Amino acid sequence: MPAVLDLWKKTTALPLGDRVFSFAFSQKAPYFASIRPRFTVIEPNRAELVITKRRGVHNHIKTVHAIALCNGLEAAMGALAESTIPRDRRWIPKGMEVAYTAKADSDITCIAETDPEQWTAELGEGYDLPVRVRGVRTDGTVVVEGEIRLWISAKR
């Protein structure tokens, strides 16, 4: 079992374990800590986290700012990739395209998803793997959606 998925399963069995995991995960990259993600789902091909709407992630109109949204999407994608990728492969982000579709004026759930067959494609020299990402307000409105492209290659 991949280390991130194993850690998720172990910590979420404890009281406040999702918060312990979220804090530990956010320490891997300082920009993740700035959004204070709270992971709610980590499983192969899917990860979700919540960004709480608070002053630290506000823009000038008091909505969750675009960079915080992208950081949340990237954190969700990273957790998904780490919990899904076969052990003989590695990944690196290659690009991100997003569209902002509504004001982010509540807590935002960031979701990353893939299909199982994407991870077992013919490897060759490597390949692009698109991860679908979106951010959703508490009322169900999508505020940001797009794709993060990963480069998948063999581990050395």
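Our subject in this report is the structure included herewith. (Residues numbered from 1 in each chain as written. Predicted model: local features only at pLDDT ≥ 70, side-chain atom pairs only at ≥ 80, totals over all residues. Heavy atoms only, no water.)

Some thoughts on the packing of aromatic side chains
Step number 1: One pass over the structure, following the stated rule, counts 6 aromatic pairs.
Step number 2: Considering the side-chain rings of Trp 8 and Phe 21, the 5.2 Å spacing of their centres and the 80° angle between planes classify their relative orientation as edge-to-face. Taken together, the positions of Trp 8 in helix 1 (residues 3-12) and Phe 21 in helix 2 (residues 17-26) put the pair 13 residues apart, joining distant regions of the chain.
Step number 3: Through a chain of ring-to-ring contacts, three or more aromatic side chains come together here, namely Trp 8, Phe 21, Phe 25, Tyr 31, Phe 32 and Phe 39. (Phe/Tyr/Trp six-rings, centres within 6.5 Å; stacked < 30°, edge-to-face > 60°. Helix = DSSP H or I, 4+ residues; strand = E, 2+ residues; numbered from the N terminus.)

What to know about the pairing of strand 5 (residues 127-137)
Step number 1: One ladder, built from 6 bridges, connects strand 4 (residues 108-113) with strand 5; its direction is antiparallel. Paired with Cys 110 across the two strands is Gly 135, which belongs to strand 5.
Step number 2: Of the strand pairs in this sheet, strand 5 and strand 6 (residues 142-154) are connected by 10 bridges, and their pairing is antiparallel. Note on strand 6: the bridge partner recorded for Leu 129 is Leu 150.
Step number 3: Connecting strand 5 to the antiparallel partner strand 6 that follows it, the hairpin turn spans 4 residues, and Gly 140 within it adopts a positive phi of roughly 95°. (Pairing = 2+ DSSP bridges.)

Things to note about unusual backbone geometry
Step number 1: One non-glycine residue, Arg 36, adopts positive backbone phi at about 50°.
Step number 2: In this structure, Arg 36 sits in the loop between helix 3 (30-33) and strand 1 (38-43).
Step number 3: Residue Lys 62 is not a glycine yet carries a positive backbone phi of 65°.

Remarks on helix 2
Step number 1: Looking only at helix 2, the buried set comprises Gly 17, Phe 21, Ser 22, Phe 25 and Ser 26. Projected down its long axis, helix 2 shows its buried positions confined to an angular sector of 160°, all on one face.
Step number 2: Considering only its buried residues, helix 2 is in contact with helix 1, helix 3, strand 1 and helix 4 (66-84). (Buried < 20%, exposed > 50% of the residue type's maximum accessible area, 1.4 Å probe, protein only. Arc of directions from axis to C-beta. Contact = heavy atoms within 4.5 Å.)

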